Amino acid sequence: IAARIASAACHRAVVSITVMNEVRGVHTEVWMAIARHTPLGILCDLDGTLVPFASSPEEARPDAEAIQLVTQLATLPGVTVAIVSGRPKDWLEGF
């Protein structure tokens, strides 16, 4: 993913891949091969991933950096992004 995004906003994705590599023993080459695939579909969970957990759903909202990251990914040629959430579609589309 990091190779497809030339932006500081992708820092979270790089950290996530690094942690996943260390925890699961998956090699970076595998992730890079997936990231280079076209078309590329990215499914991303909302709560606990793009937005930190909060006391109530109303308090857990994406910050500007998370919105920018998703927007940048979604505008890349050959990339489709879907946010996976139990929240109402109208609420998600408000961002």
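Small disclaimer: the values here were computed from a predicted structure and weren't measured.

Participant: Can you help me understand the overall build of the chain in this one?
Facilitator: Broken down by element type, the chain carries four helices and two strands. In the chain, which comprises 95 residues, the proportion classed as buried is 23%. Here the contacts in the chain between residues at least 6 apart in sequence split such that 69% fall between residues at least 24 apart. Accessible surface computed for the chain: about 6,300 Å², of which carbon and sulfur atoms make up 62%.

Participant: So what exactly am I meant to see when it comes to the confidence of the model for the chain here?
Facilitator: Detailed reading of predicted coordinates is not advised where the pLDDT is low. Mean pLDDT over the chain works out to 75, with 73% of the residues at or above the 70 mark. pLDDT under 50 marks residues 1-15. Its contacts with residues more than four places away, or in other chains, come to 30 contacts.

Participant: What's the story with the packing of aromatic side chains in this structure? I'm lost.
Facilitator: How two aromatic rings sit relative to each other is given by the distance of their centres and the angle of their planes. Tallied over the full model, the rule gives zero aromatic pairs. Here Arg87 stacks its cationic end above the ring of Trp91, 4.1 Å away from the centre of that ring.

Participant: Is there a simple way to explain helix H3 (residues 64-74) in this structure?
Facilitator: Residues that lie three or four places apart on an α-helix share one face, since the helix turns once every 3.6 residues. Those residues of H3 lying buried are Ala66, Leu69 and Leu73. Buried residues in H3, looked at end-on, bunch into an arc of 60°, giving them a common side.

Participant: Sorry, what's going on with the pattern of salt bridges here?
Facilitator: Side chains that differ in charge, positive against negative, can pair when their charged atoms come close. A complete count under the given rule lists two salt bridges for this structure. One salt bridge connects Arg87 with Asp47, and the closest N-O pair in it is separated by 2.7 Å. You can see Arg87 sitting in the loop between strand S2 (79-84) and helix H4 (89-93) and its partner Asp47 sitting in the loop between strand S1 (40-45) and H3, a full 40 residues away along the chain. Judged by its relative accessible area of 24%, Asp47 is partly exposed. Among the salt bridges present, the one from Lys89 reaches Glu93, with a minimum N-O distance of 3.8 Å. Of the two residues, Lys89 and Glu93 are both situated in helix H4; the distance of four residues between them amounts to about one turn of the helix.

Participant: How should the side chain of Arg87 be read in this particular structure?
Facilitator: Classification of Arg87 by relative accessible area gives buried; the value is 13%. Only 2.7 Å separates the side chain of Arg87 from the side chain of Asp47, close enough to count as a polar contact. Engagement of the side chain of Arg87 in a polar contact is seen with the backbone oxygen of Ala60, the distance being 3.2 Å. Here Arg87 is in contact with Leu46, Asp47, Pro57, Ala60 and Leu92, once residues within four sequence places are set aside.

Participant: Is there a simple way to explain the pairing of S2 in this structure?
Facilitator: Every regular strand shows the same layout, with side chains that alternate between the two sheet faces. With six bridges joining them, S1 and S2 adopt parallel strand pairing. Paired with Leu43 across the two strands is Ala82, which belongs to S2. Of the crossover connections in this fold, the one passing from S1 over H3 to the parallel S2 is right-handed.

What counts, and at which threshold
- Residues numbered from 1 in each chain as written.
- Predicted model: local features only at pLDDT ≥ 70, side-chain atom pairs only at ≥ 80, totals over all residues.
- Heavy atoms only, no water.
- Helix = DSSP H or I, 4+ residues; strand = E, 2+ residues; numbered from the N terminus.
- Buried < 20%, exposed > 50% of the residue type's maximum accessible area, 1.4 Å probe, protein only.
- Contact = heavy atoms within 4.5 Å.
- Areas by Shrake-Rupley, 256 points an atom, 1.4 Å probe, with all protein chains shown as cover.
- pLDDT = per-residue confidence, 0-100.
- Phe/Tyr/Trp six-rings, centres within 6.5 Å; stacked < 30°, edge-to-face > 60°.
- Lys NZ or Arg CZ within 6 Å of the ring centre and 35° of its normal.
- Arc of directions from axis to C-beta.
- Salt bridge = Lys/Arg side-chain N within 4 Å of Asp/Glu carboxyl O.
- Polar contact = N/O pair within 3.5 Å; in protein donor to acceptor, adjacent residues only side chain to side chain.
- Pairing = 2+ DSSP bridges.
- Right-handed = clockwise from strand over helix to strand, strands pointing away.

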